Amino acid sequence: MRKCKFEDMIDGYLLNKLSERDKELFEEHYFNCPACFEELQARSLIINTIKNHPEVLVSEEASLKVPLATRLKRELAAFFNVRQLAMTGVISLIFLAVIIAVVPKRQALLPDFTLTDTETVRGSSITLISPVIDMNQVPSFFEWKKLGENVEYQISISNHELLWKTTTKENRVVLPDEVKAKIVPGERYSWQVKAFGPDGSLIAVSSRVQFLVSTK
Amino acid sequence: MRDRPEDKLRAEEDIKELMVRYRPIITFRVRKAIGAQNTDCDDLVSEILSQVMEKITSGEFRGESSLGTFVYTITSRRIVDYIREKTRVMKFAPEPEPFPDPQETLEQKEMSEKVQAALEKLKPKYRNALYLYYYQELSREEAAARLGISPRKVSELVNYALKLLRKEMKI
């Protein structure tokens, strides 16, 4: 397969990462190069699908419960009517209960945050950026999407119990060495971020995301 | 000279071929510039195509550049004009930016479902690489640091995943 030298620009073009000049160069090019245009169309389709349905890519450990449930629901709806669906739901719930009972170790991560009566959740949740998938080494920092100015974030990391908790105004936090030392390869950890407004009120809570540091 | 009947016929065939060849390219460029959901897309594409035909039949295209570049220039100019017109209108009636475009057009929906099915079949290492590289738009180096592999390996994973996807979808 002969590769056109412009092929390297396709991703940059579709993700809007090219400079204005490169963008124009590449646009003129694909009006002239059928091979690049074909590749561009195919890749655009793939990237658009990924952008619209990222949940397809997120592996089980990192995937949040809600999208997975919605996805299952959507797939099931294609096959069952409401009654059958309800039955399937009940059966799956029983299965789920059994699975949770049989493998309690895997589910050992305690939710650390509960809302008290004085706290309410407003607005959307916080999107966690890293780590959300399994790591080859102990992560040196934790990062999430910024919500706005004047927000204080409280981050907590836990395995069986709370490992570390801190607050920051940034949207990332570097793991201190003493905490890093406590993270053992092969163990499963989870983390969560809560955001507080200037008046100390809870604005948003992220979902609790798990990650595993692999042993190699 | 286009006076002889066989020449005329030839020219008509050429134009038909031209439409078939450039319509998808122009459509892609227009959608990228003004958003696929924009209802003006189809009109704009037709307008550009008739402008191209007009300029070719009137002899304005003299082969100084390639035909592709000629069509590209007309397309880009028309898009700039369109955006200028829109901005003027928007001063009186503000409209949200047409892109980024979160929705899929109907015709793409079916294709997108095929892609989703193919994506789900990929091994986690490929899915993770695609997620970081295309969804989070990390650079090769950032994705490499996140996955604990070399940047070169990230490219390999992404390229191979694309190959697998296209094989699976037969596109």
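Residues numbered from 1 in each chain as written. Chains lettered and ligands numbered in written order. Predicted model: local features only at pLDDT ≥ 70, side-chain atom pairs only at ≥ 80, totals over all residues. Heavy atoms only, no water.

Caption draft 1: Just the overall build of chain A, in detail. Assigned secondary structure in chain A consists of 6 helices and 8 strands. When the helices and strands of chain A are placed in sequence order, the string is α-α-α-α-α-β-β-β-β-β-α-β-β-β. Within chain A, the fraction of its 216 residues that count as buried is 39%. For chain A, the exposed surface amounts to about 12800 Å²; the carbon and sulfur share of it is 57%. (Helix = DSSP H or I, 4+ residues; strand = E, 2+ residues; numbered from the N terminus. Buried < 20%, exposed > 50% of the residue type's maximum accessible area, 1.4 Å probe, protein only. Areas by Shrake-Rupley, 256 points an atom, 1.4 Å probe, with all protein chains shown as cover.)

Caption draft 2: Spotlight on the environment of Met53(B). All names here are of chain B. Here Met53 is to be found in helix α2 (residues 41–57). Separated by 18 residues in the primary sequence, Met53 and Val71 place their C-alpha atoms 9.7 Å from one another. Each residue touching Met53, except ones within four places of it in the same chain, is listed here: Ile15 and Met19. (Contact = heavy atoms within 4.5 Å.)

Caption draft 3: Structural detail: the interface of chain A and chain B. With 43 residues of chain A at the contact, the number on the chain B side is 42 residues. The junction of chain A with chain B conceals about 4200 Å² of combined surface from both sides, 60% of it contributed by carbon and sulfur atoms. Counting across the interface, chain A meets chain B through 5 salt bridges. Close ionic contact of Arg146(B) with Glu143(A) constitutes a salt bridge, the shortest N to O distance being 3.9 Å. Counting the contacts that link chain A with chain B gives 16 residue pairs in polar contact (both at pLDDT 80 or more). Where the side of chain A that touches chain B is concerned, the elements lending two or more residues are α1 (9–14), α2 (20–32), α3 (34–52), α4 (65–77) and β1 (128–130) of chain A. Counting residues per element, the side of chain A that touches chain B draws most heavily on α3(A), which supplies 15 residues. (Buried area = accessible area lost by both parts, 1.4 Å probe. Salt bridge = Lys/Arg side-chain N within 4 Å of Asp/Glu carboxyl O. Polar contact = N/O pair within 3.5 Å; in protein donor to acceptor, adjacent residues only side chain to side chain.)

Caption draft 4: Local environment of the confidence of the model for chain A. Mean pLDDT over chain A works out to 79, with 78% of the residues at or above the 70 mark. Overall, residues 61–66 of chain A carries pLDDT values under 50, and its contacts beyond four positions in sequence, including any with other chains, amount to 9 contacts. (pLDDT = per-residue confidence, 0-100.)

Caption draft 5: Up close: the pairing of strand β2 (residues 141–144) of chain A. Where β1(A) and β2(A) come together, 2 bridges link them in antiparallel fashion. When the bridges of β2(A) are listed, Ser130(A) appears paired with Glu143(A). (Pairing = 2+ DSSP bridges.)

Caption draft 6: Focus on the packing of aromatic side chains. This structure, assessed with the given rule, holds 17 aromatic pairs over all chains. Pairwise contacts between aromatic rings join Tyr13(A), Phe26(A), Tyr30(A), Phe31(A), Phe37(A), Phe28(B) and Tyr72(B) into one cluster. Lying across the ring of Tyr13(A), Lys32(B) places its NZ or CZ 4.7 Å from the centre. (Phe/Tyr/Trp six-rings, centres within 6.5 Å; stacked < 30°, edge-to-face > 60°. Lys NZ or Arg CZ within 6 Å of the ring centre and 35° of its normal.)

Caption draft 7: How the structure looks around unusual backbone geometry. Residue and element names in this part refer to chain A. The step from Ser130 to Pro131 runs through a cis peptide bond, and the omega angle for that step is -5°. Along the chain, Pro131 falls in the loop between β1 and β2. Even without glycine at this site, Asn150 takes up a positive phi of about 60°. Residue placement: Asn150 occurs in the loop between β2 and β3 (152–158).

Caption draft 8: How the structure looks around the pattern of salt bridges. Residue and element names in this part refer to chain A. In the structure shown here, the tally under the stated rule is 17 salt bridges over all chains. One salt bridge connects Glu27 with Lys23, and the closest N-O pair in it is separated by 3.9 Å. In this pair, Glu27 and Lys23 both sit in helix α2, 4 residues apart, roughly one turn of the helix. The class for Glu27 is buried, based on a relative accessible area of 1%.

Caption draft 9: Spotlight on the nonpolar core. If you look at the biggest cluster of nonpolar residues, it comprises 88 residues, and the most contacted ones within it are Trp144(A), Trp191(A) and Leu130(B). The biggest single contributor to this core is helix α1 (residues 5–34) of chain B, with 8 residues. Setting aside its immediate chain neighbours within four residues, Leu130(B) contacts Ile50(A), Leu57(A), Leu119(B), Leu122(B), Tyr135(B), Val158(B), Ala161(B) and Leu165(B). (Core = buried A, V, L, I, M, F, W, Y, C linked by side-chain atoms within 4.5 Å.)

Caption draft 10: Spotlight on the pairing of β3(A). All names here are of chain A. β3 sits mainly inside the fold: 6 of its 7 residues count as buried. Bridge analysis of β3 against strand β6 (residues 188–196) gives 7 bridges, and the strand direction is antiparallel. Among the inter-strand pairings, Ile157 is bridged to a residue of β6, identified as Trp191. Note that β3 and strand β4 (residues 162–168) share 6 bridges and pair antiparallel. Across the sheet, residue Ser158 finds its bridge partner in β4, namely Leu162.

Caption draft 11: Examining the sheet that holds β1(A) more closely. All names here are of chain A. The strand order β1-β2-β5 describes an open sheet built from 3 strands, whose pairing is antiparallel. Both outer strands of the open sheet, β1 and β5 (172–174), are each paired with one neighbouring strand and no more. Here the strands of the sheet are splayed against their neighbours by 20° on average, with no regard to which way each runs. (Axes fitted to C-alpha atoms, helices over the stretch in contact; angles between N-to-C directions.)

Caption draft 12: Spatial organisation of the confidence of the model for chain B. For chain B, per-residue confidence averages 82 on the pLDDT scale, and residues scoring 70 or more make up 81% of the total. Across residues 95–102 of chain B, where pLDDT falls below 50, the model places 13 contacts with residues more than four positions away in sequence or in other chains.

Caption draft 13: Quick look at the packing of α2(A) against α3(A). Residues and elements named next belong to chain A. Running from N to C, α2 and α3 point in directions that differ by 110°, and their axes come no closer than 6 Å. On the basis of their axis angle, the class for α2 and α3 is roughly perpendicular. Taking contact as the criterion, the partners of Phe26, His29, Tyr30 and Asn32 in α2 are, on α3, Pro34, Cys36, Phe37 and Leu40. Residue classes in the contact of α2 with α3 are distributed as 6 nonpolar, 2 polar and no charged. (Parallel < 35°, antiparallel > 145°, perpendicular 65-115°, else oblique. Nonpolar A, V, L, I, M, F, W, Y, C, P; charged D, E, K, R; others polar.)

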